[in-house]
Structures are given as structure tokens and as C-alpha cells.
Amino acid sequence: MFGPIETTITLAVAAPREAVWAALTDAPRWPQVLPDLAEGRIAPDGVLAPGAKIETRAVPDTDVVDMTYHVVAAEPPRRLVLESAANGFRACTEYVLDASGEDPRETDVTVTAQVIALDISGRLSVALKRAHYVAQVEKSVRRRTAALLTLAQRT
């Protein structure tokens, strides 16, 4: 009841794993497919590696907030794990990229997100409206991942 919100989705894309990896890890290109983002960058030096941060800035007057994603794991071109926190919630998102069947030009992307309310009022809200929060997390993960897979197909 008070546990984390968890969701796992798998999406298939007609793009090789390396192109999907490039889309997931090239934050400066994210605004091309995520119109609510004004900017994305990797700090401190543009190199994606464990310990780096992906910082995004939202377009003003949108429902999106500025975010910082901490890179927990980066295993090119197979696995990326990011942690973030915003508006009283902490999230951990893992992207696993697998070749789809026998065609190396296709990739299955499995995204697992775990979201935890940081304070008691957030935990109570999640407990009372759990189905709503689960649906919102899944919708957000699906939207962002689908957009980044579109970027992968442009590579």
C-alpha cells in the first residue's frame, strides 16, 4: 500500500541497438523529439558515464519541470540506469536494450521505473490514489521512451 510505484514497459523499434543507445544518451538532441524541453546536457563535461548528470531545462509555461538525472550505470549499448528526484518523489529508471529476434536493425527496449514518495503526505496520497499514480508513471515512461525511439530512427 505504501510501497513504491513500479512499472515495466517494452517497446520495439526499427533501429539498431547502437542508434537507440545514442538517442537515450545524447541529451542535447532530446528537445528534437520532446517539445516540452528547451535544453538537455550532460555534466560536467558532456561524457555519459556513471556519476555524470543529465540536466534538462523545461520550456517555460509547460507542465514539465527542470530535471537532473544522475547516471547510476551506463553499459553501452545495452543498459542505462538513471535516478532523479522532483516534486517530492524519487525515481529510478532502467533501460535495457536487446536485439529483437534475428534482425540487428531492430531493438526491444524494456524500461523499468520505480517511483517513491519522499514524505508521509506523498506516501498517503499514493496509497489513496495508487491506480492514478501508476497510470501517470506508465504514461510518462511510455511517452518519453517512444519519443526517444523516434530520435533513434532518425540517426
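Cut-offs used in this document
Residues numbered from 1 in each chain as written. Predicted model: local features only at pLDDT ≥ 70, side-chain atom pairs only at ≥ 80, totals over all residues. Heavy atoms only, no water. Helix = DSSP H or I, 4+ residues; strand = E, 2+ residues; numbered from the N terminus. Core = buried A, V, L, I, M, F, W, Y, C linked by side-chain atoms within 4.5 Å. Buried < 20%, exposed > 50% of the residue type's maximum accessible area, 1.4 Å probe, protein only. Contact = heavy atoms within 4.5 Å. Phe/Tyr/Trp six-rings, centres within 6.5 Å; stacked < 30°, edge-to-face > 60°.

A. Broad picture of unusual backbone geometry. For the bond from Ala43 to Pro44, the omega torsion is 10°, close enough to zero to count as cis. Within the fold, Pro44 resides in the loop between β2 (37–43) and β3 (53–58). The residue after Pro76, namely Pro77, is reached through a cis peptide bond having omega -15°. With phi around 65°, Asp61 is a residue other than glycine that occupies positive phi space. Mapped onto the fold, Asp61 is located in the loop between β3 and β4 (67–75).

B. The nonpolar core, seen in detail. Formed by 42 residues in total, the largest nonpolar core has its most connected members in Val20, Trp30, Leu48, Ile54, Val71, Leu80 and Tyr95. Those elements that place two or more of their residues in this core are β1 (5–13), α1 (17–25), β2, β4, β5 (79–86), β6 (89–100), β7 (103–117) and α3 (130–154). Once residues within four sequence positions are removed from consideration, Leu80 is found in contact with Trp21, Leu24, Thr25, Leu48, Val71, Ala73, Ala74, Thr93, Glu94 and Tyr95.

C. Summary view of the packing of aromatic side chains. Applying the stated criterion across every chain yields a total of 2 aromatic pairs. Note on Trp30 and Tyr69: the rings are 6.4 Å apart at their centroids and 75° apart in plane angle, and the pair reads as edge-to-face. Separated by 39 residues along the polypeptide, Trp30 in the loop between α1 and β2 and Tyr69 in strand β4 bring together distant segments of the chain. Residue class for Trp30 comes out buried when judged on its relative accessible area of 2%. With a relative accessible area of 11%, Tyr69 lands in the buried category. With a centroid separation of 5.9 Å and an interplanar angle of 40°, the aromatic rings of Phe89 and Tyr133 are classed as tilted. On the criterion of sequence distance, the pair formed by Phe89 in strand β6 and Tyr133 in helix α3 is long-range, its members being 44 residues apart.

Such coordinate-based values are descriptive only and should not be taken to indicate function.
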